[in-house]
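# Descriptive structure summary
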Amino acid sequence: MKRSAHAVSLTTGMLTTRARILPSFLIVGAQRCGTTSLYRALSRHPLIVKPVLRKGVHYFDVSYDHDMSWYQAHFPLKATAQRLQRRYGHRTQAFESSPYYLFHPLAAARIAWNLPGVKLIALVRDPIERAASAHAHELARGFETEPSFERALDMESARLAGEAERLRESPHYLSHAHRHHAYVARGRYAEQLNRMELLVGRDRILVLDSGAFFREPDPVYDRVLEFLGLPRMGDPVFEVHNAQPRTSEMPLSLRQRLGAHFAPWDALLQQWLGTEPSWRR
């Protein structure tokens, strides 16, 4: 029923593409870093409108074989945005949240080409915890077949070998391993942010520490609104979404190995966060 409703909505959207708003900002990642929680909080703002049916359109990563009219069909009507603008006296902004955008090697270039001027928001968390959470998440969804987190990490290099290059060489190529098995690689946030900076510009990228967001959400939420040029309107409810229960404790030796691997990448995050990452304090 959900797929049928989405198909009907998309068909309707395609017939009215030119009458629909395009997003002015995107939540681009990182996966398992609180993107859904931020999405839900922002979607309650009276001047922020979300996609019609789902939070992530995933156009710039896995659906780029469609044209821009397909993408625009996912968003609300301009008339809706104009009505809200007249009511509240500020420009209405549309957005979506697709956390694979940050990691996909072509997404940043596609975003820069198709949405000039768009702003990007990225959330980052302890990359060790992110990796463990991602493994539990992919296992629960059936995209991971290796139940041992440590074994899945050992398999990662072989699984991802050459996949980024194939994605760059073949624009419509889809890589299951690159999307679902990049537990360590996705945690090298600075590498991905630097790639986006070259194409979009640092002034249009806001990086948030998820630890700070979940500990004290209000000031982080206010930073987002300031970045977007929107006023604070009401008090949003901040909730944790999509948390995955830990099936077993991580061995100390593995945690130390991962900590050493991520140390230089975490250090590079300071220039994005303006302070040391919360998990390194």
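Cut-offs used in this document
Every chain begins its residue count from 1, and numbering advances along the sequence as written. Under the rules for a predicted model, residues below a pLDDT of 70 receive no local features and side-chain atom pairs below 80 are neither given nor counted, while totals for whole chains, interfaces and linings still include all residues. Heavy atoms from the whole structure form the basis of all side-chain values; hydrogens and water molecules are not counted. UniProt positions are given in the numbering used here, feature names are shortened, and annotations may be inferred rather than shown by experiment. Counting from the N terminus, the helices are DSSP H or I runs at least four residues long and the strands are E runs at least two residues long. Paired strands are those between which DSSP finds at least two bridges. The contact criterion used is simple: two residues touch if any of their non-hydrogen atoms lie within 4.5 Å. Only the stretch in contact is used when a helix axis is fitted, and all axes are lines through C-alpha atoms; the angle between N-to-C directions ranges over 0 to 180 degrees. Here a salt bridge means any side-chain nitrogen of Lys or Arg lying within 4 Å of a carboxyl oxygen belonging to Asp or Glu. For every residue, the accessible area (1.4 Å probe, protein chains only) is compared with the maximum for its type, and the residue is labelled buried under 20%, exposed over 50%, or partly exposed between those bounds. By definition here, a helix of n residues has an expected span of 1.5 Å times n minus one. In this description, the arc belongs to the directions extending from the helix axis to the C-beta atoms. Here a Phe, Tyr or Trp ring, Trp counted by its six-membered ring, pairs with any other such ring whose centre lies within 6.5 Å, and the pair is stacked when the planes are under 30 degrees apart, edge-to-face when over 60, and tilted otherwise. Counting as a charge over the ring demands two things of the Lys NZ or Arg CZ atom: a distance within 6 Å of the ring centre and an angle within 35 degrees of the ring normal.

By the naming in an unreviewed UniProt entry, the protein chain goes by Deacetylase sulfotransferase and is assigned to Planotetraspora mira.

### Considering the UniProt feature "domain: Sulfotransferase" (unreviewed entry) in the protein chain
UniProt records the feature "domain: Sulfotransferase" (unreviewed entry) for residues 24–231 in the present numbering. Here residues 24–231 runs as 51% helix and 11% strand, with 16 Å between its end C-alpha atoms.

### A closer look at the sheet that holds strand 4 (residues 119–124)
Read across the sheet, five strands follow the order 2-3-1-4-5 without closing on themselves; strand pairing throughout is parallel. Of all the strands in the sheet, the pair left with one neighbour each is strand 2 (48–49) and strand 5 (205–209). With two bridges connecting them, strand 2 and strand 3 (residues 93–97) associate as parallel partners. The residue of strand 3 that forms the bridge with Val 49 is Ala 94. Most of the contacts of helix 13 (residues 217–228) go to strand 5, to which it runs at about 180 degrees, and overall it touches strand 1 (25–29), strand 2, strand 3, strand 4 and strand 5.

### With respect to the pattern of salt bridges
Under the counting rule described, the total for this entry stands at eleven salt bridges. One salt bridge in this structure joins Arg 255 and Glu 129, with 2.9 Å as the shortest N-O distance. In this pair, Arg 255 is assigned in helix 14 (residues 252–268) and Glu 129 in helix 7 (residues 127–141), connecting sequence segments 126 residues apart. Taking the relative accessible area as the measure of exposure, Glu 129 reaches 19% and is therefore buried.

### Overview of unusual backbone geometry
Cis geometry is found at the peptide bond from Gly 29 to Ala 30, where omega equals -5 degrees. Considering the arrangement of structural elements, one finds Ala 30 in the loop between strand 1 and helix 2 (35–43). Here His 58, not a glycine, exhibits a phi torsion of approximately 55 degrees, which is positive. One can find His 58 in the loop between strand 2 and helix 3 (59–62). Given a relative accessible area of 16%, His 58 falls into the buried group.

### Notes on helix 8 (residues 149–160)
Its twelve residues place the ends of helix 8 16 Å apart at the C-alpha level, agreeing with the 16 Å of an ideal helix rising 1.5 Å per residue. What helix 8 keeps buried is the set Phe 149, Ala 152, Leu 153, Glu 156, Arg 159 and Leu 160. Across the axial projection of helix 8, the buried residues extend over an arc of 120 degrees, all falling on one side. Across from the buried face of helix 8, at angles greater than 90 degrees, the exposed residues are Ser 157 and Ala 158. The inward-facing, buried residues of helix 8 contact helix 7, helix 9 (163–169), helix 10 (176–180) and helix 14. Two residues or fewer after helix 8 comes Gly 162, characterised by a positive phi angle close to 80 degrees.

### What about the packing of aromatic side chains?
Within this structure, the stated rule accounts for 13 aromatic pairs. Seen from their ring centres, Phe 60 and Tyr 64 are 6.3 Å apart, and the 40 degrees between their planes marks the pair as tilted. On the basis of relative accessibility, which here comes to 21%, the residue Tyr 64 falls in the partly exposed class. Chaining the aromatic ring pairs together yields one cluster made of Tyr 59, Phe 60, Tyr 64, Trp 70, Tyr 71, Phe 75 and Tyr 101. Directly above the ring of Phe 227 sits Lys 119, whose terminal nitrogen or CZ lies 5.0 Å from the centroid. Lying across the ring of Trp 272, Arg 202 places its NZ or CZ 4.0 Å from the centre.

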